[in-house]
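Descriptive structure summary
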Amino acid sequence: MAETLYIPTDADKAKKYEAILPQIEALISGEADLVANLANIAAVLRTTFGFFWVGFYLVKDDQLVLGPFQGPIACTRINLGRGVCGTAWKENQTQLVPDVEAFPGHIACSSASKSEIVVPFSKNGIVIGVLDVDSDQLTDFDDTDQIYLEKLMSILEKTI
Ligand code: SME
């Protein structure tokens, strides 16, 4: 397992994603434990981009339950179809939210959170969790984040 992470400091967002995706793949491909892999992914994303909150919710029975994350304490349980995470789970589709206040049913775990992107991931075609990234700035995520975070979840799906 790689112990050090190489992050280009003078690169744009896309180049940073290009640099970390193969490193994450190397980091998680030899490890079968999902929680261990999610914990390392959250750490790499936080270290690389300084996200306000980045982490995972995992489907357990009929709810999303808080998993490994980096950032302030967060809501522990989210129902299907509730908020941004529950919608990503229900629709099995990435939710790119430039202003969380404008998202119907948004769950405010932190009043500092202003924009958000949530990407679901699956096993055998069934959603088993979501990646949630929150920013304290409005409109902080765009198509570049969506493309690379979806690629990242495809890499994760190969390990589960
Ligand atoms: N805002 C999210 C809840 C999770 S936290 O932000 C960490 C939502 O509406 O799903």
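The protein goes by GAF domain-containing protein in an unreviewed UniProt entry, where it is assigned to Belliella filtrata. The protein has a UniProt comment under Sequence similarities (unreviewed entry) that states "Belongs to the free Met sulfoxide reductase family."

Quick word on the site of the ligand
In the neighbourhood of the ligand, 13 residues make up the surrounding shell, with Val84, Cys85, Ile107, Glu116 and Asp134 lying closest. Take cysteine 85: an N or O atom from its main chain is 2.7 Å from an oxygen atom of the ligand. Separating an oxygen atom of the ligand from a side-chain N or O atom of aspartate 134 is a distance of 2.6 Å. Relative to its free-state accessible area of 300 Å², the ligand is covered by the protein chains to the extent of 98%. In this structure, the ligand is accommodated by the largest cavity. Among the secondary structure elements, those contributing two or more residues to the shell around the ligand are β1 (53–60), α3 (83–91) and β6 (126–135). Among the elements that take part in the shell around the ligand, α3 stands out by supplying three residues, more than any other. Of the residues contributing to the shell around the ligand, the split by class is eight nonpolar, two polar and three charged.

Description of the state of the cysteines
Disulfide: a covalent bond formed between the sulfur atoms of two cysteine residues. Enumeration over the complete set of coordinates arrives at one disulfide. Cysteine 75 shares a disulfide with cysteine 109; S-S distance 2.0 Å. Across the S-S bond of cysteine 75 and cysteine 109 the torsion is about -130 degrees, and the bridge reads as left-handed. Of the two residues, cysteine 75 is situated in the loop between β2 (63–70) and β3 (77–79) and cysteine 109 in the loop between β4 (95–97) and β5 (115–123); the sequence distance between them amounts to 34 residues. Accessibility expressed as a relative area gives 22% for cysteine 75, which makes it partly exposed. Note on cysteine 109: relative accessible area 33%, which makes it partly exposed. A disulfide-free cysteine, cysteine 85 has its sulfur positioned 7.6 Å from the sulfur of cysteine 109, the nearest such atom.

Quick look at the packing of helix α2 (residues 34–49) against helix α4 (residues 143–157)
Running from amino to carboxyl end, α2 crosses α4 at an angle of 155 degrees, the nearest separation of the two axes being 12 Å. By the angle between their axes, α2 is roughly antiparallel relative to α4. Viewed along their axes, α2 and α4 form a crossing whose handedness is right-handed. Residue-level inspection shows Leu34, Leu38, Ile41 and Leu45 of α2 in contact with α4, the latter providing Leu149, Leu152 and Leu156. Of the residues contributing to the contact of α2 with α4, the split by class is seven nonpolar, no polar and no charged.

With respect to the sheet that holds β6
If you walk across this open sheet you meet the six strands as β3-β2-β1-β6-β5-β4, and the pairing is antiparallel. For this open sheet the edge positions go to β3 and β4, each flanked by a neighbour on one side alone. The sheet shows a mean angle of 25 degrees between the axes of neighbouring strands, taken without regard to direction. When β1 meets β2, the two strands line up antiparallel, connected through six bridges. What sits directly across from valine 54, in β2, is glutamine 70.

Cut-offs and rules
Residues numbered from 1 in each chain as written. Predicted model: local features only at pLDDT ≥ 70, side-chain atom pairs only at ≥ 80, totals over all residues. Heavy atoms only, no water. UniProt positions renumbered as here; feature names shortened; annotations may be inferred. Near = heavy atom within 4 Å. Polar contact = N/O pair within 3.5 Å; in protein donor to acceptor, adjacent residues only side chain to side chain. Areas by Shrake-Rupley, 256 points an atom, 1.4 Å probe, with all protein chains shown as cover. 1 Å grid on protein atoms, 1.4 Å probe; cavity = no way out; pocket = protein on both sides within 12 Å on 5 of 7 lines; lining within 4 Å. Sits in = over half its atoms within 2 Å of the grid points. Helix = DSSP H or I, 4+ residues; strand = E, 2+ residues; numbered from the N terminus. Nonpolar A, V, L, I, M, F, W, Y, C, P; charged D, E, K, R; others polar. Disulfide = S-S within 2.5 Å. Buried < 20%, exposed > 50% of the residue type's maximum accessible area, 1.4 Å probe, protein only. Axes fitted to C-alpha atoms, helices over the stretch in contact; angles between N-to-C directions. Parallel < 35°, antiparallel > 145°, perpendicular 65-115°, else oblique. Left-handed = near helix turned anticlockwise from the far one by under 90°. Contact = heavy atoms within 4.5 Å. Pairing = 2+ DSSP bridges.

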